[in-house]
Amino acid sequence: MAGFRGARYVSAEASTRGEWKPGGSKMPGADAYATSKQCNLATVLAFARETPRLRFNAIEPGFAPGTNLGRDAGPFVRLLSKYVLSPVAPLIKYWTNPRTAARMITRVLTDESEATGVYYDEKGHPMRGSAQVHDPAFNARVVAETRALLRAVPTA
């Protein structure tokens, strides 16, 4: 919907260098953004399997006009986003605004169910991510590569 062509994960180390699989987006930063979201979701699902006594869930807050995402737009577009589009955003499919997103996130966080490994949409309903993100082998790979990369970072 937003023009992303999907995540282009190669490896955790490649991601630090800004390297992605070919065929990605023509928008600067879009592959980095999509890949980071893919890896966040893969990590949530892996952690939910690794530690079932804790709750690990992911939330897709939706597109929120009027936030700092449009900081590079001109003044007219920023004003339009903040004062015209943001108030009506919750009425548009896949859109939200900070207030509505905060309410939904709070509802998910305070839910007393034992649900874990759930991916919620901008309305707080369970949704399904990509087939790759639900592949336990891919999840384990993302987590293992990230842990290895973090171990290699020198500490003070």
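Residues numbered from 1 in each chain as written. Predicted model: local features only at pLDDT ≥ 70, side-chain atom pairs only at ≥ 80, totals over all residues. Heavy atoms only, no water.

Scanning the protein from terminus to terminus reveals five helices and three strands. Along the protein, helices and strands appear, N-terminal first, in the series α-α-β-α-α-β-β-α. By principal-axis analysis of the C-alpha atoms, the protein measures approximately 45 × 40 × 35 Å. Residues counted as buried form 27% of the 156 residues belonging to the protein. Of all intrachain contacts in the protein linking residues separated by at least 6 positions in sequence, the fraction that spans at least 24 positions is 62%. For the protein, the exposed area adds up to about 10300 Å²; of that, 61% sits on carbon and sulfur atoms. (Helix = DSSP H or I, 4+ residues; strand = E, 2+ residues; numbered from the N terminus. Buried < 20%, exposed > 50% of the residue type's maximum accessible area, 1.4 Å probe, protein only. Contact = heavy atoms within 4.5 Å. Areas by Shrake-Rupley, 256 points an atom, 1.4 Å probe, with all protein chains shown as cover.)

What follows deals with the packing of aromatic side chains. Tallied over the full model, the rule gives two aromatic pairs. With a centroid separation of 5.5 Å and an interplanar angle of 85°, the aromatic rings of tyrosine 9 and phenylalanine 138 are classed as edge-to-face. One end of the pair, tyrosine 9, is in the segment before helix 1 (12–16); the other, phenylalanine 138, is in helix 5 (residues 136–151), and 129 residues separate them in sequence. One exposure class covers both tyrosine 9 and phenylalanine 138, and it is buried. (Phe/Tyr/Trp six-rings, centres within 6.5 Å; stacked < 30°, edge-to-face > 60°.)

If you look at the biggest cluster of nonpolar residues, it comprises twelve residues: Tyr9, Ala12, Cys39, Leu41, Ala42, Val44, Leu45, Ala58, Tyr119, Val133, Phe138 and Val142. Sorting the residues of this core by element identifies helix 2 (30–50) and helix 5 as the ones contributing at least two each. Of the residues forming this core, the biggest block, five residues, is contributed by helix 2. Aside from chain neighbours lying at most four places away, what touches valine 142 is Tyr9, Cys39, Ala42 and Thr43. (Core = buried A, V, L, I, M, F, W, Y, C linked by side-chain atoms within 4.5 Å.)

Moving on, we come to a nonpolar patch on the surface. Taken together, the side chains of Phe76, Val77, Leu79, Leu80, Tyr83 and Val84 present a nonpolar region at the surface, about 610 Å² in accessible area. With respect to the helices and strands, the residue valine 77 is situated in helix 3 (residues 75–88). (Patch = residues over 30% accessible without salt bridge, like charges linked within 9 Å, V, L, I, M, F, W, Y side chains within 5 Å. Salt bridge = Lys/Arg side-chain N within 4 Å of Asp/Glu carboxyl O.)

Taken over all residues, the pLDDT of the protein has a mean of 85, while the share at 70 or more is 94%. Within the protein, helix 5 carries the highest mean pLDDT (95), whereas helix 3 carries the lowest (79). (pLDDT = per-residue confidence, 0-100.)

What follows concerns the packing of helix 2 against helix 5. Between helix 2 and helix 5, whose axes approach to 8 Å, the crossing angle comes to 100°. With respect to their mutual orientation, helix 2 and helix 5 come out roughly perpendicular. Residues Gln38, Cys39, Ala42, Thr43, Leu45, Ala46, Phe47, Arg49 and Glu50 of helix 2 lie in contact with helix 5, whose contacting residues are Pro136, Phe138, Asn139, Val142, Val143 and Arg147. Tallied by class, the residues present in the contact of helix 2 with helix 5 amount to nine nonpolar, three polar and three charged. (Axes fitted to C-alpha atoms, helices over the stretch in contact; angles between N-to-C directions. Parallel < 35°, antiparallel > 145°, perpendicular 65-115°, else oblique. Nonpolar A, V, L, I, M, F, W, Y, C, P; charged D, E, K, R; others polar.)

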